[in-house]
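# Inside the fold
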2 protein chains.
Amino acid sequence: MSVTAPQGFEAAGVVAQLKSTGKPDVAVVVNRGPLHAGAAVFTSNRAKANPILWSEQVVQDGVVEAIVLNSGGANCFTGAFGFQTTHATAEKAAELLGISPGDVVVCSTGLIGTGDEVFRQKVLTGTADAIANLSADGGQDAAEAIMTTDSVSKTSVYRGDGWTIGGMAKGAGMLAPGLATMLVVITTDAELTSAETDAHLRAATRVSFDRLDSDGCMSTNDQVTLMASGASGAAPDPDEFRFGLIEVCTDLAAQLQRDAEGASHDITIQVVGAATEDDAVEVGRSVARNNLFKAAIFGNDPNWGRVLAAIGTTQAEFDPYAVDVEINGVRVCSAGGPDRPREEVDLAPRAVSLVIDLKVGTASAVILTNDLTHDYVHENSAYSS
Amino acid sequence: MSVTAPQGFEAAGVVAQLKSTGKPDVAVVVNRGPLHAGAAVFTSNRAKANPILWSEQVVQDGVVEAIVLNSGGANCFTGAFGFQTTHATAEKAAELLGISPGDVVVCSTGLIGTGDEVFRQKVLTGTADAIANLSADGGQDAAEAIMTTDSVSKTSVYRGDGWTIGGMAKGAGMLAPGLATMLVVITTDAELTSAETDAHLRAATRVSFDRLDSDGCMSTNDQVTLMASGASGAAPDPDEFRFGLIEVCTDLAAQLQRDAEGASHDITIQVVGAATEDDAVEVGRSVARNNLFKAAIFGNDPNWGRVLAAIGTTQAEFDPYAVDVEINGVRVCSAGGPDRPREEVDLAPRAVSLVIDLKVGTASAVILTNDLTHDYVHENSAYSS
């Protein structure tokens, strides 16, 4: 059901010929109200794509009525012409929907540097086509239209007490926090103010999408948007709503991890015993970005020395000669020295659990990553050709 | 000629059966004086191997009389027993050479977590064997005995005005600054004080080994040592000596880059127009660590969008819509937008030149890196097996 699971939303996904494959590539999601509360978080990359520059302005007043998303071109580093394309896309959608262009978020994904006149015309035509096809059952079509190198569409639904949250996501490469190369749209029919929407979204992305670090590369186009229609008439308990939203975000983040480009292992890095949560995140992220560790996991090699070498590059509070490391339930390293034989670790399954105990305090964090594989190198060496 | 090119040095490399291949794996370099000035720089990884912990103490008084190096085992995260092994190695060498163990630097390289009783006995036997075979022509043997996954030995010699600098290096994986996974020994017969030795070494490594970032992974065992024998009787002009030392260090760093594990391209990243040298280094390093950019170069794809995305993750002063990017002489991006067609870029040669002009100031820096290849993943997934 995706983003149309909550009441008050319509969506569509259509073919605009942006992708050479002829697959759907333009999606529109519309909030029919009665409320139009909206919030978004964006990539922290300082090199921001045109749709990010536009959408940052749109969400400032806390009102979002519609989102237009395209795959098949990132419209990033395409100059003033590219920004005009984003602006024209919002104008076109607003005109057809009878709303203000200043309430239309725009998202693009695909190759950086793509965004010429042909691209613009296809996006505008696709936007009109999608709006003509809007439907309360269109969530799945929209989820498929935002796929790039994704092998499957990603959707999630959470049912609360009289209200619902729905979400869709795309993302397969350039997955790193702040955020990942991903576009995410989350909808809810709960009654929320703009301020509540914003606070819940930031709290949820901080512990979900921001903890996904597949390949250490940060995108120029990342965006997660939450829209609330209030159509259920139910005002949720704040804690319950936040729990549900974290569930949806965590579920979508795990789907992104499982579909990461070329990956053969999904690695869950649990850092415990840290002095602070920031320390735990820093250590987890350092291990998640260590190519040697990631290549070892690809080779089913529980090379804990590379884990310790990665921890050693951080500023976190720890003593290398106190740290314990457990891989898939086997403690291969205790107090910074060898413990159980590495032969006891079975790395054949796709899911890998790495637990690092810093033995300093009580804070913890979970970081999701993938291994570094031949297929990752292949897919990313051939991406633009 | 390697480290025995300058007068006053003897070296040897022998087989101690630490490597399963039966190739040489223990080297000794001895400074016969009359001076024994020495200095070293070490990995900035906080998870330091036992030989690093030992050698940091040795060099504090500015006197180094000998170095024992082994490949075939890093003696890192091997606990108190491992530290005792390093200590015993220095004691053994000192006893046989008639010097103080406190003037014997020890270096180890190989798999982390390796360093049991068998390892210790082999290292001690190898040390004695190498000392029995010391020779003024032993530099090349020593250079071969420190190789790990290196495909060729790395040596360099610079002839000054009456004095000489010689060097040897090993390193092929885990190459990142602060320093790379490398062991380097540099010798000179110039007359230098300990303070001069230290100052020259820090100045030279800062612009050579510290600018090599092959795979972003920082080792636990890195060390660069400079020993001065004064045997030439020539006191060098400080500027001339520093120039020569930078030449040797840059030459060895380039040899490490060319032999990096699995690499198919050697990428020279030149950052110009930066506000400060630190900014230029930060930008170059960010690009050097971007897996997507590195995979693109492997695929002969001049994907400049990934360069800009990497720059955007830094704190350097720049405007993404002012930056120019040139790949192998073709300006593919100007003012943050597309310029020449990517088809004009020929990435077939192994050497790749990337020039990034931040258009802010006049500072610059050069960072050396490699592409991310199938072979890199393969070699590092199979390393410990």
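Just so it is clear, the model here is predicted, and its values are computed rather than measured.

## Focus on the overall build of chain A
Within chain A one finds 10 helices and 15 strands. Radius of gyration (C-alpha) of chain A: 21 Å, near the 21 Å computed for a compact globule of 385 residues. For the C-alpha atoms alone, the extent of chain A along its principal axes is close to 65 × 50 × 30 Å. Looking at the 385 residues of chain A, the share that counts as buried comes to 61%. When contacts within chain A are restricted to residue pairs at least 6 apart in sequence, long-range pairs at least 24 apart make up 80% of them. Within the structure as shown, chain A displays about 12,600 Å² of accessible surface, and the carbon and sulfur contribution to it stands at 49%. Taking the 25 positively charged and 49 negatively charged side chains of chain A as two groups, their mean positions are separated by 5 Å.

## Brief notes about the relation of the copies chain A and chain B
When chain A is fitted onto chain B, the two copies agree to an RMSD of 0.0 Å after a turn of 180° and an axial shift of 0.0 Å. Both chain copies can therefore be described as sitting about a two-fold axis. Rotation axis and chain A: the residue whose C-alpha lies nearest the axis is H374 of chain A, separated from it by 2.5 Å.

## A word on unusual backbone geometry
Residue and element names in this part refer to chain A. Here G33 and P34 are connected by a cis peptide whose omega angle stands at 15°. For P34, the position within the fold is in the loop between β2 (26-31) and β3 (37-42). The residue Q17 is not glycine, and still its phi comes out positive at about 65°. Within the secondary structure layout, Q17 lies in the loop between β1 (9-14) and β2.

## Considerations on the pairing of strand β11 (residues 324-327) of chain A
Each regular strand carries side chains that alternate between the two faces of the sheet. Residues and elements named next belong to chain A. Taken together, the four bridges between β11 and strand β14 (residues 351-357) define a ladder with antiparallel strand orientation. Across the sheet, residue E326 finds its bridge partner in β14, namely V355. Here three bridges tie β11 to strand β12 (residues 330-334), and the two strands are oriented antiparallel to one another. Within the sheet, the bridge partner assigned to I327 lies in β12 and is V330. Between β11 and β12, which pair antiparallel one after the other, the connecting turn spans two residues, and N328 there sits at a positive phi close to 45°.

Conventions and cut-offs
Residues numbered from 1 in each chain as written. Chains lettered and ligands numbered in written order. Predicted model: local features only at pLDDT ≥ 70, side-chain atom pairs only at ≥ 80, totals over all residues. Heavy atoms only, no water. Helix = DSSP H or I, 4+ residues; strand = E, 2+ residues; numbered from the N terminus. Rg over C-alpha atoms; globule rule 2.2 N^0.38 Å. Buried < 20%, exposed > 50% of the residue type's maximum accessible area, 1.4 Å probe, protein only. Contact = heavy atoms within 4.5 Å. Areas by Shrake-Rupley, 256 points an atom, 1.4 Å probe, with all protein chains shown as cover. Lys, Arg positive; Asp, Glu negative; His and termini not counted. Charge placed at Lys NZ, Arg CZ, Asp CG, Glu CD. Least-squares fit on C-alpha atoms with pLDDT ≥ 70 in both. Pairing = 2+ DSSP bridges.

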